[in-house]
Every structure is written in structure tokens, then in C-alpha cells.
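# Examination of the molecular architecture
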Amino acid sequence: MSADEFDPMIERLFAQSPRLADEALFLATVQASMEKRSRWRTLALTGAGLVGGVLAVREGVNFNFSADGETTLTQGVRTAAATAQGAAQSGLEGLGVGSFDLMDGSGMMAFWIVAGALVAVLAAGLVKLSQDV
Amino acid sequence: MRPSLLRDLHDVELAAQAAAGGRREYGELVRRHGSAVRGLLRRMGAAPSLADDVAQDAFLQGFQRCSEFRGQGTFAGWIKKIAARLYLKRVAREARYVAEVEADEADVVVDHAGFMDLDEAMKTLNETERVCVSLCHGAGMSHPEIAAAMNLPLGTVKSHVKRGLDKLRARLQPAQASGGRSTHVG
């Protein structure tokens with residue numbers, strides 16, 4: 001058999017693959033892994049979003065506009081910040097933690113404890129995710 | 001989407017939907033090509049359990065990278081390359097290229113009809129030849145791609161492929177000439 005005849009034949013042989021008997025089991029295993037990874041990704045994104053949201057609210061509450069150079073824009077931003085701050089406060093009250101003041105010392109302590117716990121959970125999730133990968 | 005409808009879709013359409021997060025669509029791709037990927041890894045010399053493990057990782061990686069597949073070539077070729085590279089990394093990590101054992105030619109089985117399939121013929125190749133030939137003809141990788149993936153000189157890769165093909169030709173020729181049966185599906 002010449003090389004011209006053999007090369008297409010070997011390509012054809014490689015292109016043909018036997019259907020393995022446990023094909024369905026393999027598919028189920030891959031799908032289960034995909035589901036698992038999806039759950040971890042969702043958890044990680046939710047956690048990151050939560051931390052980001054908390055930081056954003058905190059920054060919004062702490063934001064201090066300069067009185068210098070007062071313009072319509074800064075007035076508008078200040079009004080919006082005050083509105084957001086009010087909404088955040090009413091949200092906290094709705095959750096039954098209306099006394100939680102982000103500005104005082106104990107509030108900040110609680111904030112950092114929660115943030116630290118979330119970071120720890122995220123780190124644990126990432127470690128688990130890396131083990132899966 | 002119902003499984004019956006998924007089966008009507010082309011690989012490229014399924015991959016596009018999988019890239020948008022369609023797990024069922026990607027599952028259909030796994031169903032279609034799972035055996036081929038696992039078969040390739042076994043031909044490369046992986047034990048069945050390792051082949052399944054690497055194939056699973058390849059499909060999971062393929063799902064994350066599905067947006068990179070835009071229909072250039074076949075999905076099967078694309079996922080096989082991912083699987084082959086993952087296998088090479090796994091093998092390199094375990095330093096399995098240290099010992100190259102020539103297959104005992106007596107191990108090659110020729111059945112009563114004189115048919116010897118490719119998988120049996122591959123056993124006559126040593127490990128590096130088997131990997132090089134599989135990457136070249138099974139995963140569709142070019143010689144330079146193989147050289148880069150295996151960290152071998154290009155000339156060495158070419159030699160391994162040529163020697164491997166020579167051995168396969170010597171083994172397969174009688175079987176093919178006698179019109180051996182085939183149990184494979186496309």
C-alpha cells in the first residue's frame with residue numbers, strides 16, 4: 001500500500017470511533033460537574049455582588065461633598081446621595097436593623113466582621129472551585 | 001428545548017447556544033463527541049479511567065471556552081485538541097515519558113478473520129510514537145503544534161510520526177487488504 005493510499009485510510013480510521021457502552025454515564029458525570037461548577041460560580045458572583053453592594057452603600061453613606069465650587073451638578077449628586085442614603089436607611093429599618101448606624105464605631109465593626117466573613121466564604125469557595133478544576 | 005430538537009441542530013448551532021450558557025445544548029455535544037474524545041485519549045495511551053477523567057475536564061473546559069469556537073474546523077476537532085493538550089499536561093506532570101517501553105509485538109491480537117483494528121495496531125507503537133500519531137491524525141494537530149505541546153524538537157516529532165505510521169502501515173496493510181470487518185461507527 002502506497003503512502004497516498006495509506007494516509008487517507010489512517011485519517012478515516014482515526015475519524016471512526018467506537019461508541020462506548022457507558023456513554024450515558026459519562027454524559028451524566030459531565031453534566032453533574034457542570035451543575036456543580038455553575039452553583040459555585042453563582043455563589044461566588046452573589047458573594048462578590050453582596051460585598052460590592054455593601055461597600056457601595058458604605059461609600060454612599062460616607063460620601064462628603066465639598067461645599068466649594070457648588071454647582072447644579074454637585075447639588076444634584078448630593079440630593080441623589082441623600083436619597084440613596086435615605087433608601088438604604090429605610091432598607092435597614094425594613095430588615096429590623098434600623099438602629100444599625102454605619103457611621104458609628106460599633107456599626108463599622110459589625111460591617112467589617114460581615115465583610116470579613118463574606119471574604120472568608122468566598123476564599124473557601126475559590127479553594128473548592130480550584131480543587132474541582 | 002426538547003432532546004429530539006437538539007439532535008437536529010448542527011454542532012456549530014449547539015456550540016453557539018452553549019456559549020450563551022446553554023447546558024442542555026452542550027450536553028448534546030458531549031453526547032455526540034464523548035466517545036470520540038475518550039477513544040482518542042485511549043489511543044494516546046491513557047488508561048480508561050484516566051481517559052475518562054481527562055475527557056471530562058476537557059468538556060468542562062470546552063464549556064467555559066465555547067465562545068472561542070466559531071465554527072472554524074469541526075467541534076470534534078476543537079474539543080479533541082483541548083483534551084489532547086490536557087492529557088499531555090497530565091502526563092508531563094506525572095513524568096510518564098521517562099520510561100518508553102516498546103510494545104511486545106506478541107501482545108498484538110489478530111482475530112480469526114485476520115482483522116486488526118486501529119486500536120490494536122496502535123499497541124505496536126511506543127508511547128511517544130503513539131502520542132505523536134494520535135495528535136497528528138486523531139486530534140488534527142500540525143507537527144509544529146505537536147512539537148510545542150510536547151516540548152520536543154520539530155524534527156523529532158516528524159520522526160516519531162513517520163516511524164509510527166510505518167509501523168501502523170505494516171500492521172494494518174494485511175488486514176485491510178483482506179477486507180477486514182469493521183465494528184466502528186462514524
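From a predicted model like this one, the values you see are computed outputs, not experimental measurements.

### Structural notes on the overall build of chain A
- Counting its secondary structure elements, chain A contains four helices and zero strands.
- Starting at the N terminus, the α and β elements of chain A follow one another as α-α-α-α.
- When the 133 residues of chain A are sorted by exposure, 5% land in the buried category.
- In chain A, of all internal contacts separated by at least 6 residues, the share reaching a separation of at least 24 is 71%.

### So, unusual backbone geometry
- Phi angles above zero are rare outside glycine, and asparagine 151 of chain B is one such case at about 60 degrees.
- Under the C-beta neighbour-count criterion, asparagine 151 of chain B is labelled exposed, with 9 such atoms within 10 Å.

### A look at the nonpolar core
Residue and element names in this part refer to chain B.
- Leu41 and Ala83 are the most contacted members of the largest nonpolar core, which has 51 residues in total.
- Residue-level mapping places this core at the junction of two domains, with at least three residues from each of domain 1 (1-96) and domain 2 (99-186).
- If we skip the residues at most four places from it in the chain, alanine 83 touches Val37, Leu40, Leu41, Val54, Ala55 and Ala58.

### Some remarks on the environment of cysteine 132 of chain B
- Here cysteine 132 of chain B lies in helix H7 (residues 127-138).
- Once residues within four sequence positions are removed from consideration, cysteine 132 of chain B is found in contact with Ile146, Val157, His160, Val161 and Gly164 of chain B.

### Structural notes on helix H2 (residues 11-19) of chain B
Residue and element names in this part refer to chain B.
- Within the sequence span of H2, burial applies to Leu14, Ala15, Gln17 and Ala18. All buried residues of H2 project into a common sector of 165 degrees when viewed along the axis, lining one side.
- Residues of H2 that are buried sit in contact with helix H3 (23-43), helix H4 (48-64) and helix H5 (75-93).
- Of the residues trailing H2, glycine 21 is marked for its positive phi of about 100 degrees.

### Some details on the interface of chain A and chain B
- Counting from both sides, the interface comprises 21 residues of chain A and, opposite them, 26 residues of chain B.
- When contributions to the side of chain A that touches chain B are tallied by element, the ones reaching two or more residues are helix H1 (3-15) and helix H2 (23-62) of chain A.
- Per element, the largest residue contribution to the side of chain A that touches chain B is nine residues, and it comes from H2 of chain A.
- Among the residues making up the side of chain A that touches chain B, the classes are represented as 12 nonpolar, five polar and four charged.

### Focus on the packing of H4 of chain B against H5 of chain B
All names here are of chain B.
- It is at 9 Å that the axes of H4 and H5 come closest, and there the two elements cross at 125 degrees. The angle between H4 and H5 places the two elements in the oblique class. Once H4 is placed against H5, the crossing between them reads as right-handed. Of the residues in H5, those touching H4 at Val54, Ala55, Asp57, Ala58, Phe59, Gln61 and Gly62 are Ile79, Ile82, Ala83, Leu86, Tyr87 and Arg90.
- Looking at side-chain class alone, the contact of H4 with H5 contains nine nonpolar, two polar and two charged residues.

### Side note on the confidence of the model for chain B
Residues and elements named next belong to chain B.
- Overall, the prediction assigns chain B a mean pLDDT of 81, with 79% of residues at 70 or greater.
- Within chain B, no element has a lower average pLDDT than helix H1 (residues 3-6), which sits at 71, and none a higher one than H4, at 93.
- Between residues 97-115, whose pLDDT stays under 50, and residues either more than four places distant or in other chains, the model counts 28 contacts.
- In the model, residues 179-186 has pLDDT below 50 throughout and makes 13 contacts with residues more than four positions away in sequence or in other chains.
- Interface confidence for the predicted complex, expressed as ipTM, amounts to 0.72; the pTM equals 0.64.

Procedures and definitions
- Residues numbered from 1 in each chain as written.
- Chains lettered and ligands numbered in written order.
- Predicted model: local features only at pLDDT ≥ 70, side-chain atom pairs only at ≥ 80, totals over all residues.
- Helix = DSSP H or I, 4+ residues; strand = E, 2+ residues; numbered from the N terminus.
- Buried ≥ 20, exposed ≤ 12 C-beta atoms within 10 Å, placed from the backbone.
- Contact = placed C-beta atoms within 7 Å.
- Core = buried A, V, L, I, M, F, W, Y, C linked by C-beta atoms within 7 Å.
- Domains from an automatic or database assignment.
- Arc of directions from axis to C-beta.
- Nonpolar A, V, L, I, M, F, W, Y, C, P; charged D, E, K, R; others polar.
- Axes fitted to C-alpha atoms, helices over the stretch in contact; angles between N-to-C directions.
- Parallel < 35°, antiparallel > 145°, perpendicular 65-115°, else oblique.
- Left-handed = near helix turned anticlockwise from the far one by under 90°.
- pLDDT = per-residue confidence, 0-100.

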